[in-house]
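A structural walkthrough
The lines below spell out each chain.
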Amino acid sequence: MALPKAKQDATDARLADLEIPVSGGWSLAARQDAAERLVQMGLPQPRDEYWRFTRPKDLIAPEPPAAAPMDESDESPVFSDKGACTLVFRDGVFDADASDSDLPAGVSITRLAVSQDNDIDWASGLYGKLELEGQTPVQRPLAALNTAFATDGLIIDVTDKVETPILIRYLHERDDSDPVLHHLVRLHADTELTLLEVGAPGARCNTVMEVDVAEDATLHHVRDQGRNHDRRTNTHAFARLGARSTYKSFTLSLNGALSRNEQIVSFTGDDAVAHVAGAAIGDGKTDPVHHDDTVFVTHDALRCESRQVFKKVLKNGAVGVFQGKILVKKDAQKTDGYQISQSLLLDDDSQFLAKPELEIYADDVACSHGSTTGAIDEDALFYLRSRGVPKPRAEDLLVLSFLAEALQEIEDETLADELNERLAAWLGRHAV
Amino acid sequence: MTMLEIKNLHVELEEENKKILKGVDLTVETGKVHAIMGPNGSGKSTLSYVLSGRDGYEVTDGSATLEGEDILDMDPEERAAAGMFLAFQYPVEIPGVGNMTFLRTALNAQRKARGEPEVSSADFLKMVRAKAKDLQIDADMLKRPVNVGFSGGEKKRNEILQMAMLEPKMCILDETDSGLDVDAMKLVAQGVNALRDEGRAFLVITHYQRLLDHIQPDVVHIMSDGRIVKTGGPELALEVEKNGYGDLLAEGA
């Protein structure tokens, strides 16, 4: 079927200058397949239901809108004291000199851009696979674009319980950088890894992470998407969870002209656990802010637990979006599904748009969802002020209080504490 | 010396245009403990909120000064720095903000506003531990988020701890005895009594005489329909306990 003209034109315009960056190797077939799928489905348009609340224009334009890097030299990089093994991408280009070369035991890492002629079966089996599965029942054309045209990414294979976190540090230095990165993460049975991501990958970025968590394995994923105002960010994380495995993902976002973070989680083994959470603060005072969390959790196994906790603090015309769905298939009995999305609106100009959804075909499940929008609690504000805390500081404390429930989703308290301290400092300086 | 002076104070609820205080006159001398008793709806809590600066009330006439300084145009935090403290009837729960963080933020903000140096975290810790011990507040309660999961008694003790840490000049206790059993009330009263001194004044708002058994007032006022209708010594509280408000109010009318 032919695409609507606007969609066709937008897709043609975007694809005109894009080329699959490899001519052979293990990812070629998946890339060609993804490119074909992309041509068939076309890029998102404002009238697509899944993009009702977030205009895709800047994410699909042939050129990224200019975005000035932010001077973040006023503080040490987030998580820099966690003893992590750090790997650096500068505007999407791997920087070997800035990266650690010694890997902790129990993990091997290579890169998409340099491994094409290597014989890594598992990677070729995973690359684009979860992305493809994640295209049903909802199309995610930008993820297909990523699979087809990604220029680099990490291929992380975890074979043991790894204590040292792996930290991917993104540096945004050029105002026109437009990285397309695709990471693969595989956790073998009974293994564990903490994966940290810090910073904005570029002026505009499109990142995909495909995560395959085998039986009894655990992945902790914590990311801080940076503070840059002008950045456009589009991320997809596709996670497939085996029996008794755990996937915990938390995302912190500050400002950003446009952020769309999609999490697609699918339970394939029984008794697994997935928690996806996020905290976002948007202050539209100097630049517009639009932040979208879109989550799709599919339960297709017994007794799995999923939890979504998303909190947004919005002011000066910032817009927050949450689209979250829990799909429980017919045989996924004893599913425990929970979803909460909340916004704190600090003025009348900001808005929060939420679309919480449950779709349940099993008859013995416990699923709940809630969404709230509110202002600062006047009683709490007065209480703090009556103790001598000046109003702006009291509001900051209540913002932190509001976000605390999302931050608590991070299992490692030292990571949660650091993010909380950073938030407090940023709020205190009014630097967000 | 006069600590708090309220003259002909008229207050309306902003939203409802409803008159609550209809000409309150009250003077509290430094070093004294005054009690205000009165039936429900007489305006006792409103008086405490207006004095501490809560939004939603409009002062239509009259004045209130703290050590001679007009407080009614001040923000709540300015009043706090000037020495005003309200122990809440219903202390607010603030999830995600640690009790210690809250206390230290408040203490240093007040000191900063007064041009005093901030208290170091070591000194602060020492101070808070000693005072918490007197009130039987354990380390766990100090670490927990402000008032979250606290029992009624713990919340009130926490109010007194804040009072002890902030060392205000004018302490208003709004029905601090509500929801407390006898033991908890004694503990709270001990905390208050420990703070009684020459430089500080108290205004204790209560329905019942029993709190005043433990916090002996110098002066007792009866409030009704937005006014102070009778003022006397501690014996006035005993009279209320014995005969209720009915007789007193009939007499005052």
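Source: prediction; values computed, not measured.

Here's the deal with the sheet that holds strand β1 (residues 2–13) of chain B
Across a sheet, strands are paired by hydrogen bonds formed along the backbone, either parallel or antiparallel in direction. All names here are of chain B. Reading across from one edge, β2-β1-β4-β5 is the order of the four strands in this open sheet, with antiparallel pairing throughout. The open sheet has two free edges, formed respectively by β2 (18–29) and β5 (69–70), since each of these has just one partner strand. By the bridge criterion, eight bridges tie β1 to strand β4 (residues 57–66) in an arrangement that is antiparallel. What sits directly across from L4, in β4, is L66. Across the face of the sheet, helix α1 (residues 44–52) comes into contact with β1, β2 and β4 while running at roughly 70° to β4.

Points about the UniProt feature "domain: SUF system FeS cluster assembly SufBD N-terminal" (unreviewed entry) in chain A
The UniProt feature table records "domain: SUF system FeS cluster assembly SufBD N-terminal" (unreviewed entry) at residues 29–163 of chain A. In residues 29–163 of chain A, the share of helix is 27% and the share of strand is 13%. The end C-alpha atoms are 35 Å apart.

Thoughts on the UniProt feature "domain: SUF system FeS cluster assembly SufBD core" (unreviewed entry) in chain A
Listed under "domain: SUF system FeS cluster assembly SufBD core" (unreviewed entry) in the UniProt record, and renumbered for this structure, are residues 181–402 of chain A. When the span residues 181–402 of chain A is considered, its composition is 9% helix and 59% strand, and the gap between its end C-alpha atoms is 33 Å.

Quick look at the interface of chain A and chain B
Interface size is often expressed as the accessible area that is lost when the parts come together. Chain A puts 17 residues into the contact, and the matching count from chain B is 22 residues. Element by element, the count of residues in the side of chain A that touches chain B is highest for helix α7 (residues 378–386) of chain A, at seven residues. For the side of chain A that touches chain B, the residue count by class is eight nonpolar, three polar and six charged.

Topic: helix α6 (residues 152–166) of chain B
Three- or four-residue spacings in an α-helix give side chains the same orientation, since the helix completes a turn every 3.6 residues. Residues and elements named next belong to chain B. Counted at 1.5 Å a residue, the expected span for α6 with its 15 residues is 21 Å, and the 21 Å between its end C-alpha atoms agrees. Among all positions in α6, only K156, R157, N158, E159, I160, L161, Q162, M163, A164 and M165 are buried. Looking at the buried side of α6, the elements it contacts are β6 (84–87), α3 (99–113), α4 (121–134), β9 (170–174) and α7 (182–195). Backbone geometry just downstream of α6 places E167 in the positive-phi region, at approximately 45°.

Reading the values: rules and limits
- Residues numbered from 1 in each chain as written.
- Chains lettered and ligands numbered in written order.
- Predicted model: local features only at pLDDT ≥ 70, side-chain atom pairs only at ≥ 80, totals over all residues.
- Pairing = 2+ DSSP bridges.
- Helix = DSSP H or I, 4+ residues; strand = E, 2+ residues; numbered from the N terminus.
- Contact = placed C-beta atoms within 7 Å.
- Axes fitted to C-alpha atoms, helices over the stretch in contact; angles between N-to-C directions.
- UniProt positions renumbered as here; feature names shortened; annotations may be inferred.
- Nonpolar A, V, L, I, M, F, W, Y, C, P; charged D, E, K, R; others polar.
- Expected span 1.5 Å × (residues − 1).
- Buried ≥ 20, exposed ≤ 12 C-beta atoms within 10 Å, placed from the backbone.

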